[in-house]
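Residue strings, one per chain:
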Amino acid sequence: HSISNGEIWSLPTMRNMGKLIENEEVSKVARIILVLQMLMCIVVGMMIEYMGGAMSKLSSLGSSIGFESSHQKKSNMSVQMLHAFDQPSVSKRNIIEEIVPDSLKPQCDLEFLQFNVTKSMLKKSRPVIGNSQRLHIFLKKLHSKQCTSVLFMGGSVTAGHNSRGRLNASFPKFFMDWLNERYPCENADRTRGSHLTKRTQQNNAQTHFVSWSQISQIETLDLVIMEFNVNDSFIDKMPHAMEDKGPEGSTKDYISVWYNEILLRRLLLMRKPDPVAIVTFNADYIGRTWAPKSIGDPEKYRKTLFRRNQEPLKFWLSSLYEIPMFSASVWMLPLAGKKGADWQFNKTNPYSSINFHADRCCHPHREGHLILSLVLVYCLVQEEKNLLSFHREDTLDVEQDFTANPDPTLRDPIYLSEDEEALYVRHDSNSKLIDFTDPSAEKEWNKHVVQNDGWTWFADNREKDKFGLIADGVSGGQHISLQITGGKLGLVEITYVISYENFGLALVWVDDNRDGGATRSHCGNRLTKKSCKNFHRGVQCLVGTWKEPASVPTVTILQNRIEDETTKFLHICLTPISELRKGEENKFKLLGTRVY
């Protein structure tokens, strides 16, 4: 009984055994057995004490040379875990102490964050680990004090819209401040340098696909952060598909993954001059799709698959292409609504969508952008720890990033046909782009303008950074003629803005006349839905208005084709104010044209 209860070494147990031996009622045989048991206990006890002393000496020696036994590690770990439970939960201040340099800590003080960010929140921010080989290349450059370039591909969230400071109050700005402070770099002459921020003028996967030259012309590039979680949900058509994609091909979800796959494959093949590290970043979600009936339309959005949230699609593609994914929305969205829709839009809830967003859509306040930057910072620091503890034997040969090899190998496309892969990824065509969104490209696109009556090139947004060629006037009639040359496929695409108010309709056609010929007379006619569909072949109607409360780019490919190396004139004109538009103004914003 004593042995089974773990009491064999206790002094009271030994005394009880002695009394049994002295008891005359106990048989002689039983007394002999008890004596033998006592002798065995004494001998075993002495052996364990001796071995314990020897192990203690070995342990002391091991500690002196920085070695701990597995028993010590487990023991120390247990003590640390017990102490951890005695401490208050890890707070935002502990996180900042660990990952933010001293000079930047003041701007991350509690008063500048919307809510207390815990380590458990940030640990959820890496839903796809992916292959880290490219990130390790980037981190090694930081460790060697090499100055790097980081490209942010995103929309209005990335641009800091409504953040009370625009670009200076956005997560790219906060992240780059951190990067320059934590990893100071040196120029070739050993003077202090800086890591550079790169941006485009585009705002979703489709427009980055169309204006790819804004990326390909960047001379050096080390890290790309793709943030399309919100804006891709506004892409409503896919004119670039070269095959019938069936019923699924008309859905926003399919359109999104189709364009994103092209971008990922292009980036994986890119060398600037090294393989570029790629991160998909889900920074935000559309708030109004989760609003309760009192302020929103839950019936409408519960009939959509993901409530306009693109994160599951990005997760799917990132997983298959082994692209690391960092995410804030993966834990912020559940945190905001875990007590119901009413609570998600209650201002007393510090995690609510209505507190995080500056508007009904998706744009964080400045405080929210600080949290987004903490997500990026935390994930990169954790990957740095992995790099420093990494050993080659931890991976199998098949886990290599074959896309980073000198002769890169990509997996087969998921959504692209062979023709689409050849044209859009391998660039088996010489496309020619006229880009009106690039602030530095005015001299270049002006070469193509042969006639301009009433179109003006400027940025019409509040921040004065979204450029385009704009016609404005309730009477319409403004006309522009561009000289273009046909490409291998003879396709002509037009990129323009659609908005919910103040935008009108335009006509577009291609001919051999510099001034548009007789077709130009239609520019003075007021259009309806019916008349838009009834133009003779070769003239198309571009509708710049829709019901969704957002202003986004869209793309149309003309029905008529131009033969390879044949020069024609592309005409676009604004028509008079239409019944289809909402608002008092009547304008049309042209973003670019491409021939291939």
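Residues numbered from 1 in each chain as written. Predicted model: local features only at pLDDT ≥ 70, side-chain atom pairs only at ≥ 80, totals over all residues. Heavy atoms only, no water.

**Q** Go over the packing of aromatic side chains with me, naming the residues and quoting the values.
**A** Counted under the stated rule, the structure contains 20 aromatic pairs. Judged by centre distance (5.7 Å) and plane angle (85°), the rings of Trp178 and Tyr183 are edge-to-face. In this structure, Trp178 and Tyr183 share a single accessibility class: buried. Three or more aromatic residues joined by ring pairs make a cluster, and in this case those are Phe152, Phe171, Phe175, Trp178, Tyr183 and Phe281. Sitting over the ring of Trp343, Lys339 keeps its end group 4.8 Å from the ring centre. (Phe/Tyr/Trp six-rings, centres within 6.5 Å; stacked < 30°, edge-to-face > 60°. Buried < 20%, exposed > 50% of the residue type's maximum accessible area, 1.4 Å probe, protein only. Lys NZ or Arg CZ within 6 Å of the ring centre and 35° of its normal.)

**Q** A description of the sheet that holds strand E13 (residues 539–543) should follow, citing residues and the corresponding values.
**A** Hydrogen bonds between backbone atoms are what pair the strands of a sheet, whose relative direction is either parallel or antiparallel. Sheet architecture is open: five strands sit in the order E7-E10-E15-E12-E13, paired in antiparallel fashion. If you trace the sheet from one side to the other, it starts and ends with strand E7 (449–453) and E13, each paired once. Strand-to-strand, the axes of this sheet are offset by a mean angle of 20°, without reference to chain direction. In terms of strand pairing, E7 meets strand E10 (residues 479–485) through four bridges, oriented antiparallel. The residue of E10 that forms the bridge with Asn452 is Ile480. (Pairing = 2+ DSSP bridges. Helix = DSSP H or I, 4+ residues; strand = E, 2+ residues; numbered from the N terminus. Axes fitted to C-alpha atoms, helices over the stretch in contact; angles between N-to-C directions.)

**Q** Outline the confidence of the model for the protein chain, listing residues and values.
**A** Confidence in the prediction of the protein chain, expressed as mean pLDDT, is 85, and 84% of residues score 70 or more. Per-residue pLDDT stays below 50 along residues 1–12; that stretch engages in 11 contacts with residues further than four places along the chain or on separate chains. Of the regions scoring below 50 in pLDDT, residues 54–92 engages in 17 contacts with residues more than four places distant in sequence or in other chains. (pLDDT = per-residue confidence, 0-100. Contact = heavy atoms within 4.5 Å.)

**Q** Got a sec to walk through the sheet that holds strand E1 (residues 149–154)? Specific residues and values, please.
**A** An order of E2-E1-E3-E4-E5 is seen for the five strands of this open sheet, with the pairing classed as parallel. In this open sheet, the two strands that pair with only one neighbour each are strand E2 (196–199) and strand E5 (325–327). Averaged over all neighbouring strand pairs, the angle between strand axes comes to 25°, with direction disregarded. One ladder, built from five bridges, connects E1 with strand E3 (residues 223–227); its direction is parallel. Along E3, the bridge assignment pairs Phe152 with Ile225. Each of E1, E2, E3 and strand E4 (277–282) touches helix H7 (residues 171–182); the most contacted strand, E1, lies at about 165° to it.

**Q** Let's hear about empty space enclosed by the protein: which residues, and what values?
**A** On inspection of all chains with the given rule, the structure shows five cavities of 30 Å³ or more. As for the largest cavity, its lining consists of Val100, Leu104, Gln107, Cys108, Phe174, Trp178, Leu370, Ser373, Leu374 and Val377. Listed by contribution, the elements that provide at least two residues to the lining of the largest cavity are H7 and helix H16 (366–388). If you tally residues by element for the lining of the largest cavity, the top one is H16, at four residues. Roughly 40 Å³ of internal volume is contained in the second largest cavity. Counting only elements with at least two residues in the lining of the second largest cavity, the list comes to E3 and H16. In the lining of the second largest cavity, the residues fall into eight nonpolar, no polar and no charged. (1 Å grid on protein atoms, 1.4 Å probe; cavity = no way out; pocket = protein on both sides within 12 Å on 5 of 7 lines; lining within 4 Å. Points joined across faces, edges and corners; volume = space filled by probe spheres on them. Nonpolar A, V, L, I, M, F, W, Y, C, P; charged D, E, K, R; others polar.)

**Q** Break down the layout of surface pockets for me, with residues and values.
**A** Space inside the largest pocket adds up to approximately 1200 Å³. What lines the largest pocket is a set of 48 residues, among which Ser156, His161, Asn461, Lys466 and Ser551 lie closest to the centre. If you list the elements that add at least two residues to the lining of the largest pocket, you get E1, strand E14 (552–557) and strand E16 (587–595). The residue makeup of the lining of the largest pocket, split by class, is 17 nonpolar, 17 polar and 14 charged.

**Q** Tell me about the nonpolar core, and please be specific about residues and values.
**A** In terms of nonpolar packing, the biggest core is built from 49 residues, with Phe175, Trp178, Leu179, Leu223, Phe281, Trp331 and Leu372 touching the most fellow members. Of the residues forming this core, the biggest block, 12 residues, is contributed by H16. Look past the residues within four positions of Phe281 in its chain and what remains in contact with it is Phe171, Ile225, Met226, Glu227, Phe228, Phe326, Ser327, Ala328, Leu372, Val375 and Leu376. Ile215, Phe228, Tyr254 and Ile323 belong to the second-largest nonpolar core, a separate cluster that totals 40 residues. (Core = buried A, V, L, I, M, F, W, Y, C linked by side-chain atoms within 4.5 Å.)

**Q** Any chance you could break down the packing of helix H10 (residues 252–269) against helix H12 (residues 311–320) for me, citing the residues and the numbers?
**A** Two numbers describe how H10 lies on H12: the axes approach to 10 Å, and their chain directions differ by 35°. For the pair H10 and H12, the sense of crossing is right-handed. For the pair H10 and H12, contact is made by Asp253, Ser256, Val257, Asn260, Glu261 and Leu264 and by Leu313, Lys314 and Leu317, respectively. (Left-handed = near helix turned anticlockwise from the far one by under 90°.)

**Q** Go over the pattern of salt bridges with me, naming the residues and quoting the values.
**A** Summed over all chains, the structure comprises 26 salt bridges. Two residues, Glu299 and Lys303, come together in a salt bridge whose shortest N-O distance is 3.4 Å. Since its relative accessible area comes to 42%, Glu299 is described here as partly exposed. One salt bridge in this structure joins Glu548 and Arg308, with 3.6 Å as the shortest N-O distance. Of this pair, Glu548 sits in the loop between E13 and E14 while Arg308 sits in the loop between helix H11 (298–301) and H12; the two residues are 240 residues apart in sequence, bridging distant segments of the chain. Exposure class is identical for Glu548 and Arg308. Each is buried. Several salt bridges share partner residues, and in doing so they unite Glu98, Lys119 and Lys385 into one network. (Salt bridge = Lys/Arg side-chain N within 4 Å of Asp/Glu carboxyl O.)

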